[in-house]
Amino acid sequence: MLHALFLLLFVLVAAPLASYVPLAALAGILAVVAWNMIERPAIAALARSGAGETMVLALTFLLTVFRDLTEAIVAGVALGSVLFIHRMSRMTAIAAETPLVPQDMPDDAEPRRPYDEAAAADPDVVVYRIRGVLFFGAAASIASVLDRIQDTHRALIIDFSEAPMLDSTGASMIEELARKMRRRGVTLWLTGARRDIRRVLLAHGLRRPAARYAPAVEDALRAIRAERARERAGAPEAAQA
């Protein structure tokens, strides 16, 4: 605060005297002030954080010195955004799971669900759980995994309970998958989708008959078994007719 008041007073009263100050002296003062403003522990911590942070720091520093502060800020923000997108895409994963087999967790973490042997051994149903943000940086890798689904399956369940966000690219990928599954005769179920995720999916045309929704994987499995039971019950009646 005192420095600001002194500068204001100097500009208002003694501004003409500043023309007599040698530029070399001003350059030396600016160099000393800039050096004292550097937070050396923070720079060392950034350098230890990883190669990405070091690249952003080095690029911003070099452009500030040899080009312009505005260009340095823009380039640093852009490079930092690219690194963030790359890391988020690596954090997003898709994993195949056996239906209704609980994950390994402590006995007292939550009430255990009953083990359903028929559902766990069901060869007609495949369950995939998406973990992480499904956005344009991860859509290609997840799509390559989903494309390996065999035609022998009758139902595909994609669980979004661990997906906090979905962008339009991810929704388009799911919509393309829905069309492929429909051509193969595979029913696509989308479970655990939050309201904002479901809104994006519906906006991309993912509604019946392209896809069906259920609150959880277990609900989708019960609906699949009930539909299969109705088909088996209807088959003898058709044969008798």
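Residues numbered from 1 in each chain as written. Predicted model: local features only at pLDDT ≥ 70, side-chain atom pairs only at ≥ 80, totals over all residues. Heavy atoms only, no water.

For the chain, the name recorded in an unreviewed UniProt entry is Sulfate permease, SulP family, with Oceanicella actignis as its organism. The record held by UniProt for the chain lists under Subcellular location (unreviewed entry) the comment "Membrane". (UniProt positions renumbered as here; feature names shortened; annotations may be inferred.)

Student: I'm lost on the nonpolar core in this one. Help?
Tutor: By size, the foremost hydrophobic cluster in this structure holds 27 residues, and its most contacted members are L156, I158, F160, I174, L190 and L201. Elements with a minimum of two residues in this core: β2 (125–131), α7 (136–146), β3 (155–162), α8 (168–184), β4 (187–191) and α9 (195–203). A total of six residues in this core trace back to one element, the largest contributor, which is α8. One finds V127, I157, A220 and L221 within the second-largest nonpolar core, a separate group that totals ten residues. (Core = buried A, V, L, I, M, F, W, Y, C linked by side-chain atoms within 4.5 Å. Buried < 20%, exposed > 50% of the residue type's maximum accessible area, 1.4 Å probe, protein only. Helix = DSSP H or I, 4+ residues; strand = E, 2+ residues; numbered from the N terminus.)

Student: How should a nonpolar patch on the surface be read in this particular structure?
Tutor: A cluster of nonpolar residues, V21, L23, L26, I29, V33 and M37, forms a patch on the protein surface that exposes about 570 Å² of accessible area. Looking at the secondary structure, you find V21 in the loop between α1 (2–14) and α2 (23–37). (Patch = residues over 30% accessible without salt bridge, like charges linked within 9 Å, V, L, I, M, F, W, Y side chains within 5 Å. Areas by Shrake-Rupley, 256 points an atom, 1.4 Å probe, with all protein chains shown as cover. Salt bridge = Lys/Arg side-chain N within 4 Å of Asp/Glu carboxyl O.)

Student: Sorry if this is basic, but what is going on with the pairing of β2 here?
Tutor: Counted residue by residue, β2 has six buried out of seven residues, so it is predominantly covered. For β2 and β3, the ladder comprises six bridges, and the chain directions are parallel. In the sheet register, R129 faces β3, and the bridge partner there is D159. (Pairing = 2+ DSSP bridges.)

Student: Is there a simple way to think about α1 in this case?
Tutor: In an α-helix there are 3.6 residues to a turn, and that puts residues three or four apart on one side. The end-to-end C-alpha distance of α1 is 17 Å, a good match for the 18 Å that 13 residues give at a rise of 1.5 Å each. Among the 13 residues in α1, one count as buried, and that is only a small part of the element. (Expected span 1.5 Å × (residues − 1).)

Student: How should the confidence of the model for the chain be read in this particular structure?
Tutor: It should be kept in mind that the predicted coordinates are not to be read in detail where pLDDT is low. Scored by pLDDT, the chain comes out at a mean of 79, with 80% of its residues at no less than 70. In the model of the chain, helix α6 (residues 117–120) stands out as the element of lowest mean pLDDT, 47, in contrast to strand β5 (residues 212–214), which has the highest, 94. This stretch, residues 100–105, has a pLDDT under 50; its non-local contacts, to residues over four places away or in other chains, come to 14 contacts. Here residues 114–120 scores under 50 on pLDDT; set against residues more than four positions off or in separate chains, the count is eleven contacts. (pLDDT = per-residue confidence, 0-100. Contact = heavy atoms within 4.5 Å.)

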